[in-house]
Structures are given as structure tokens and as C-alpha cells.
Amino acid sequence: MKKAIVSLILIFVIIFSCFSLASCGGETLYLFNYGDYISPEVYDLFYEETGIKVVYDEYAAPEDMYAKFTSGTARYDLVCSSDYMLEKLIKEDLLQEINFNNVKNICNIDPNQLEASKAFDSENKYTVPHFWGTLGILYNTEKVDEEDVKSWNCVFSDKYAGRIIMPNSERDAMFVALNNLGFNGNTTSEKELNAAANLLKKQKKNVQAYLLDEAARVKLEAGNADIAVIYNGEAYLAFENNDKLAFTIPEEGTCMWLDAFAIPANADSPELAEKFIDFLCREDIAKINFEYIYYSTPNKAVVDSLDAEILEETAIFPNENVVKNATVLKYLGEEAEKLYSKLWKNVKA
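Residues numbered from 1 in each chain as written. Predicted model: local features only at pLDDT ≥ 70, side-chain atom pairs only at ≥ 80, totals over all residues. Heavy atoms only, no water.

Take empty space enclosed by the protein next. As enumerated under the stated definition, the model contains two cavities of 30 Å³ or more in all. Roughly 120 Å³ of internal volume is contained in the largest cavity. Elements with a contribution of two residues or more to the lining of the largest cavity: strand E5 (127–140), helix H10 (270–281) and helix H11 (283–293). For the lining of the largest cavity, the element with the highest residue contribution is E5, accounting for four residues. Along the lines of polarity and charge, the residues of the lining of the largest cavity split into 11 nonpolar, four polar and no charged. In this model, the second largest cavity occupies a volume close to 80 Å³. Only helix H4 (83–91), helix H6 (170–180) and helix H15 (334–348) provide two or more residues apiece to the lining of the second largest cavity. In terms of residues, the lining of the second largest cavity owes the most to one element, H15, which gives three residues. Here the lining of the second largest cavity is built from residues that sort into six nonpolar, one polar and four charged. (1 Å grid on protein atoms, 1.4 Å probe; cavity = no way out; pocket = protein on both sides within 12 Å on 5 of 7 lines; lining within 4 Å. Points joined across faces, edges and corners; volume = space filled by probe spheres on them. Helix = DSSP H or I, 4+ residues; strand = E, 2+ residues; numbered from the N terminus. Nonpolar A, V, L, I, M, F, W, Y, C, P; charged D, E, K, R; others polar.)

Under the definition given, this model contains 18 salt bridges. Ionic pairing is found between Glu87 and Lys330, a salt bridge with its closest N-O pair at 3.3 Å. Placement of the pair is Glu87 in helix H4 and Lys330 in the loop between helix H14 (320–325) and H15, with a sequence separation of 243 residues. Residue classification places Glu87 among the buried positions, given a relative accessible area of 7%. The exposure class assigned to Lys330 is partly exposed, which follows from its relative accessible area of 28%. Where Asp158 meets Lys205, a salt bridge forms, and the shortest distance between an N and an O atom there is 3.6 Å. Residue Asp158 is found in the loop between E5 and strand E6 (164–167), and its partner Lys205 is found in the loop between helix H7 (190–203) and strand E7 (207–211); the two are separated by 47 residues along the sequence. Judged by its relative accessible area of 52%, Asp158 falls in the exposed class. Taking the relative accessible area as the measure of exposure, Lys205 reaches 58% and is therefore exposed. Where salt bridges share partners, they join Glu49, Arg282 and Asp284 into one cluster. (Salt bridge = Lys/Arg side-chain N within 4 Å of Asp/Glu carboxyl O. Buried < 20%, exposed > 50% of the residue type's maximum accessible area, 1.4 Å probe, protein only.)

Turning our attention to the packing of aromatic side chains. For the coordinates displayed, the defined rule picks out 18 aromatic pairs. For the pair Trp257 and Tyr295, a centre-to-centre distance of 5.2 Å together with 90° between the ring planes defines the contact as edge-to-face. With Trp257 in strand E10 (residues 256–264) and Tyr295 in the loop between H11 and helix H12 (300–305), this residue pair connects regions lying 38 residues apart in the sequence. Relative accessible area serves as the criterion here: at 8%, Trp257 is assigned to the buried category. Classification of Tyr295 as buried rests on a relative accessible area of 3%. An aromatic cluster is present here, built from Phe32, Tyr34, Tyr37, Tyr59, Tyr76, Phe131, Tyr231, Trp257 and Tyr295 joined pairwise through their rings. Residue placement shows Lys88 over the ring face of Tyr66; its charged tip is 4.3 Å from the ring centre. (Phe/Tyr/Trp six-rings, centres within 6.5 Å; stacked < 30°, edge-to-face > 60°. Lys NZ or Arg CZ within 6 Å of the ring centre and 35° of its normal.)

A few words on the state of the cysteines. Tallying each qualifying case throughout the model produces zero disulfides. No disulfide involves Cys154; its sulfur sits 15 Å from that of Cys255, the nearest cysteine. Unpaired in this structure, Cys281 has its nearest cysteine sulfur neighbour in Cys107, at a distance of 8.7 Å. (Disulfide = S-S within 2.5 Å.)

Here we take up H7. Compared with the 20 Å implied by 1.5 Å per residue over 14 residues, the 20 Å span of H7 between its first and last C-alpha is a close match. Here the buried face of H7 lies against E6, H6, E7 and H15. (Expected span 1.5 Å × (residues − 1). Contact = heavy atoms within 4.5 Å.)

Put into C-alpha cells, the structure is as follows:
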């Protein structure tokens, strides 16, 4: 009898625990994102408000994301990636349309950013902007001539041999070489791509390292390198740690990148993904993320609340002419993609 009573008590405890978890949410959202691209505070606030825990996996470059995303080793409810890679996922039917009835805060996203997103999501059905920005040159003003960094040619010059950091990203590195040669950053010409790859091979002896994001930034902050091809938001963070650094966009132009969230076609919990996207688009949450990352935010409500001093910082918000003349990287098809990959591997080998 005692054993029976104990058993019943245990059953009631288990049932009560299940109901308690259900009432508190007890759900999990699986996110695949660039490393350190959302403030940890945001995850905590989301859990406090909804009871939904975000489990996230990180990657460095879009090509790394695609390899794991399509390998079948993990399933995600939400992914964040860049323009050309999102376009590839859309074309391959690997994303599902977002139910914007569940994303009311989309109204905070700048219409200009939604329009720009049509370069890879033609009807704005699959993606919601997260951050955007440019590729430029972060440099040590005491070691590098300001005139030199007005052109991408400075990173191909022997003048700064061993002091140059290049992006560990095939499309970004190839863009810099193509641009320097006067070619379109979205070219599929084998002749032009070979010329760009040869330029990168010739440059390699002068490159200290191929790095992305924080890894590239800290090299210059610490004075261990003098020039880095880097994303604009990283440059602004670098200024806070080293007042000898400056950032510029070369006169030949740059690429404008757009990162956005999307829901995989095989997501187990698309409703949770939409709830999190809506949360991220909320003004207070988007501001927390902006002040953590300092990349250009597409959230107009946040932009409208910022001080003029921040809005005038071109390392965060590039001027209109830069944006107008920038190239948005496109998905170029399977053949071109294989060629880019092959050439990049040869450069790095």
C-alpha cells in the first residue's frame, strides 16, 4: 500500500511538473547564426517573456553555413545569413515563406531596407533584415598613408607587406580583387575570375592572415597589423579600443552586404521562429542589439531615436553616395559558385 501511494505521488509530481513547464512555455527554438551576432541579453529577455529557450549554433562564413545547413547533421528553426546565400537557399526551395501576420513589428523595418532586400528576396516573402553594412579598410593612421587607403590597391602593394589582414571569405576577398581590376563584383567571366585569383595569389606573400570580424579587428586594436579589409561595424568597435585607427571606403567603391533572418523549409517550429523575429524587430530589442553590435540597423524606429553624433558616424551609417554606388553580391549559379570555390581554395592552398 505504501509503495502504491509513493508511486501515485511520483506520478502526480511528474504530471504537475509537465503542466508547469507547459504553462511557462518550456519550448526551444534552434537558431543558426553568425558568431556573436545577437546580444546575450536578448536571449534572456526572450526567455523571460515567453518561456522559450533559444539554442544557437554559430558559423563564420556563408559557405560554412551552407555546408552544415544542407548536411542533415542538424535541423534549425531559424537561420541568419547574407544576401547571396539567402538567394541561393530560396532558389533551392530550402526556405519557407514567413507568415507576417505573426511579425507585427515588421512595421519598424525601414522600407528602403526592404526594397534593398529585393535584390535577393524579390517579393520580401522569405526574409527579414537584421543588419546591413559595407566592406572597407580599417587602418592605423600612424603607420599607413591616408592617400594609400583611398584605393583597394593598397592591400596589393608591397609597401605594407606582412601587415595586411584579408577577409577569410571567398566572395569578399574576390570582390576586392575584382574591384581593384575594374571588374564587376558579380562577374561570372572565367577570364576575369582567374585574373582576380591570380592577383590574390600574388598578394598572398604580403598577407599576415585571413580573418573575419572580431579576429581581424583585434589584430589592429593590438597593433599587430596595420591594414584590414573589414566590415564597417567592426571598425566602429575598434575605435573604442584604439584611437589611432580609422576606417575608409576606397574610391573604387564597395559591396553592400545585407544579413537577414529566414525560416528553413524543414523547420520544426516555424511559429516560434516568427515569434522570435517579431521580438527582434521590436524597437527596444533592436536597440539592444544595435548597441551590442554597432552594425547599421535596418530598424527605422531605432535609427530615429539615435543621437546625431551616432548617425553621422560613417563607419556605422555609410553616406548616401557610398550606398548608391555599392554592389550587392548575388548568387551566381552553381557553375560560377564552383569556380569561385575552386579558385579560392587555390589561393588559400
